[in-house]
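# Overview (structure and organization)
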Amino acid sequence: MNRETKTLLDVDDLRVTFPTRTGVIEAVRGVSFSLGRERLGIVGESGSGKSQTGRAIMGVTPSQARISANKLAFDGIDLLRISPRERRALRGNRIAMILQDPKYSLDPVMSIGRQIVETLRTHERVSKAEARERALAMLEAVQIRDPKRVFDLHPHEVSGGMGQRAMIAMMLIAGPEMMIADEPTSALDVTVQLDVLGILDKLVSDRGMGLIFISHDLRLVSSFCDRVIVMYAGKVVEQLKASELGNAQHPYTRGLLNCMPKIGADRHPLPVLDRKPEWAA
Ligand SMILES: Nc1ncnc2c1ncn2[C@@H]1O[C@H](COP(=O)(O)OP(=O)(O)OP(=O)(O)O)[C@@H](O)[C@H]1O
Ligand SMILES: [Mg+2]
């Protein structure tokens with residue numbers, strides 16, 4: 001099998017539900033796709049189930065969530081049957097996720113540098129000095145300008161965008177085989193955004209990492225990803241090559257495309273996203 005076509009992740013009929021006092025919320029309703037060593041984008045409006053799909057794969061759903069699937073396999077490992085301990089080991093090592101909100105992924109009482117060093121040292125046998133050097137280099141790679149200073153800061157002492165970059169550094173240092181990036185660049189300004197995308201891109205092309213890239217930004221996804229999944233109300237309504245996103249057929253995807261602001265275009269009237277009940281059926 002060649003590198004590009006090797007399936008890393010196989011998802012078939014994934015469902016995520018939340019029992020609540022007023023009934024069951026179906027956040028993900030039968031999602032199926034597979035991922036090779038490629039960049040797969042997931043787009044869709046807020047609440048369409050993008051993050052819950054990513055979290056279910058990663059195994060970090062809220063405890064009350066119920067997850068089922070015909071198949072949820074990473075590199076042939078059945079993720080729904082392995083023990084929580086095996087799942088954690090995969091998570092720390094072969095699979096990484098950049099969460100939408102970095103506040104919850106960094107430990108508030110540990111300095112940023114120490115968190116990155118400890119992450120590295122649980123995966124690789126490296127000396128303290130080497131781990132520190134590599135952590136500093138990784139902070140620099142995510143465009144933190146003063147890595148030595150930031151190394152010693154705690155998460156609450158840095159800006160949101162810096163916290164996000166620190167988290168990206170922590171996720172990348174272990175060299176995962178699959179990465180789920182949930183809006184990884186939304187808190188960053190445009191130039192840093194491009195740097196981070198460049199890092200992710202290099203990991204896919206040089207190391208053969210598989211990347212799931214969750215984003216609201218259809219323009220970004222169409223230029224950065226290889227393939228795109230469009231989600232609506234917990235389902236996949238369309239799957240297509242990223243380069244063909246502009247010619248999408250599904251009316252929901254067309255609606256999302258029409259809502260994108262065009263630079264220099266007349267700003268009025270504001271476009272309204274059309275939603276038909278049958279798309280969710
Ligand atoms: N803890 C929870 N309890 C109940 N419902 C939840 C919970 N977490 C998420 N949901 C529901 O799951 C659905 C999908 O949420 P999800 O976070 O996956 O959306 P999303 O596509 O990532 O949206 P966004 O673009 O805003 O990040 C939403 O309708 C949400 O209300
Ligand atoms: Mg989300």
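Our subject is the structure that appears above.
Now for a quick tour of the structure. Since the structure is predicted, the reported quantities are computational estimates derived from the model, not experimental observations. (Residues numbered from 1 in each chain as written. Chains lettered and ligands numbered in written order. Predicted model: local features only at pLDDT ≥ 70, side-chain atom pairs only at ≥ 80, totals over all residues. Heavy atoms only, no water.)

Turning next to the pattern of salt bridges. What the rule picks out here adds up to 14 salt bridges. The closest approach of N and O atoms between Lys 6 and Asp 75, which form a salt bridge, is 3.0 Å. Taken as a pair, Lys 6 in the segment before strand 1 (9-20) and Asp 75 in the loop between strand 5 (71-74) and strand 6 (77-78) lie far apart in primary sequence, 69 residues in all. Residue Lys 6 is classed as partly exposed on the basis of its relative accessible area, which comes to 27%. A salt bridge links Asp 13 to Arg 15; the shortest N-O distance between them is 3.1 Å. With a relative accessible area of 22%, Asp 13 lands in the partly exposed category. The exposure class assigned to Arg 15 is partly exposed, which follows from its relative accessible area of 33%. One salt-bridge network, held together by shared partners, links Lys 6, Asp 75, Arg 94 and Glu 177. (Salt bridge = Lys/Arg side-chain N within 4 Å of Asp/Glu carboxyl O. Helix = DSSP H or I, 4+ residues; strand = E, 2+ residues; numbered from the N terminus. Buried < 20%, exposed > 50% of the residue type's maximum accessible area, 1.4 Å probe, protein only.)

A separate point is the environment of His 154. Secondary-structure assignment places His 154 in the loop between helix 5 (147-151) and helix 6 (160-173). Aside from chain neighbours lying at most four places away, what touches His 154 is Pro 108, Val 109, Met 110, Ser 111 and Ile 112. A distance of 3.5 Å separates a polar side-chain atom of His 154 from the backbone oxygen of Val 109. (Contact = heavy atoms within 4.5 Å. Polar contact = N/O pair within 3.5 Å; in protein donor to acceptor, adjacent residues only side chain to side chain.)

So far we have only geometry, and geometry alone does not tell us how the molecule works.
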